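Okay, here's what each chain looks like letter by letter:
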Amino acid sequence: MIESQVEFEPEFHWPRPNIDWPSKQKRSAIKKIGVNDIAKEPFYWTLSFAACEKELLDGIDIEGTCRKKSQRIMKRLKDDVWCPPGLKSELTSYHLKNVHFWECEDHPSETEWQQELLAARVKSMTYRLLVYIQRGIFPLYFHDGVNLLSSKDKVVLQKITNCLLCFVMVFHSNSSTVLLIVDVLIVLCPNYNSIVS
C-alpha cells in the first residue's frame, strides 16, 4: 500500500470556525498529523483520517466524562437492537464514530458529558443518527463534503430506520426503561477497550 500525507484543505471544512471542541491544542495536534492519502488501486486514491481520529479520541475522557462509554453503548445498540442479522454492513462502527464526533462538537462542555447525562447523550446521538439516515446525507466529521451513506443500500437503510424509530419511540415514552437498557448494556459490555476501536 502506498500512502502520502496531505494537509487539511479548506474544502474539508475542518476545523469549523468558532467551535469549542476539540480544544485549540487538540486541533493543532490533529492538523500537524495531517491526512493520509492512500493508494487503494493503481489509479484510485482515498483520504484516510484514521490517525486524526485516534488523536481526537486520545484523552477524551480525562475529566471523567462519559464520551467513550456513550460510543460503546451506541455500538452495542447497533449490534443488538438496530441492525438485525444481514443489516450490519450498511451501518458500521465508523458511522457511529462520526455521530459521536459531531455530538461532541455540538455539545463541547464537559458538564454535558457527566456520567448522569449518559442516557441524554445516547438519546441525542440516536436522534442524530436517525436524521442522517432519513435525509440520506451523513457527513464525514473531518470532511463534511463526503457523504458516508452515498454507496449504501437504501432498502436496507429503511429497515434500519424502522428499527431506530421503534427504539426512539420506546426511549421517548419511557426513558426509565431505556436507562435500564443502558445499565444492562454496560453490564454486558465489561470489556470496553475491545469494543471501542
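Residues numbered from 1 in each chain as written. Predicted model: local features only at pLDDT ≥ 70, side-chain atom pairs only at ≥ 80, totals over all residues. Heavy atoms only, no water.

(A) Highlighting the pattern of salt bridges. What the rule picks out here adds up to nine salt bridges. Across the pair Glu-55 and Lys-26 runs a salt bridge whose closest N-O atoms are separated by 3.2 Å. Residue Glu-55 is found in helix H2 (residues 50–57), and its partner Lys-26 is found in helix H1 (residues 24–33); the two are separated by 29 residues along the sequence. Notably, a salt bridge pairs Arg-121 with Glu-103, separated by 3.1 Å at the nearest N-O pair. (Salt bridge = Lys/Arg side-chain N within 4 Å of Asp/Glu carboxyl O. Helix = DSSP H or I, 4+ residues; strand = E, 2+ residues; numbered from the N terminus.)

(B) Broad picture of the nonpolar core. In this structure, Phe-8, Trp-82, Leu-129, Phe-142 and Ile-160 are the most contacted members of the largest nonpolar core, which totals 46 residues. Contributing elements (two or more residues each) for this core: H2, helix H3 (67–82), helix H4 (93–106), helix H5 (118–135) and helix H6 (154–173). Among the elements that take part in this core, H5 stands out by supplying eight residues, more than any other. Viewed by domain, this core spans two of them, domain 1 (1–58) and domain 2 (63–194), each represented by three or more residues. Sequence-distant contacts of Leu-129, that is, excluding residues within four places in its chain, are made with Trp-82, Leu-91, Leu-96, Val-99, Phe-138 and Leu-164. (Core = buried A, V, L, I, M, F, W, Y, C linked by side-chain atoms within 4.5 Å. Buried < 20%, exposed > 50% of the residue type's maximum accessible area, 1.4 Å probe, protein only. Domains from an automatic or database assignment. Contact = heavy atoms within 4.5 Å.)

(C) Focus on the packing of aromatic side chains. Tallied over the entire structure, the rule returns 15 aromatic pairs. A ring pair is formed by Phe-12 and Phe-49, whose centres lie 5.8 Å apart and whose planes are at 75°; its orientation type is edge-to-face. With Phe-12 in the loop between strand E1 (2–6) and H1 and Phe-49 in the loop between strand E3 (44–48) and H2, this residue pair connects regions lying 37 residues apart in the sequence. Comparing Phe-12 with Phe-49, the two get one shared label, buried. Through pairs of rings, three or more aromatic residues link up here, namely Phe-8, Phe-12, Trp-14, Trp-21, Phe-49, Phe-101, Trp-102, Tyr-141 and Phe-142. The side chain of Arg-16 reaches across the aromatic face of Tyr-141, ending 4.9 Å from its centre. Cation over ring: Arg-121 sits above Trp-113, and NZ or CZ is 5.5 Å from the ring centre. (Phe/Tyr/Trp six-rings, centres within 6.5 Å; stacked < 30°, edge-to-face > 60°. Lys NZ or Arg CZ within 6 Å of the ring centre and 35° of its normal.)

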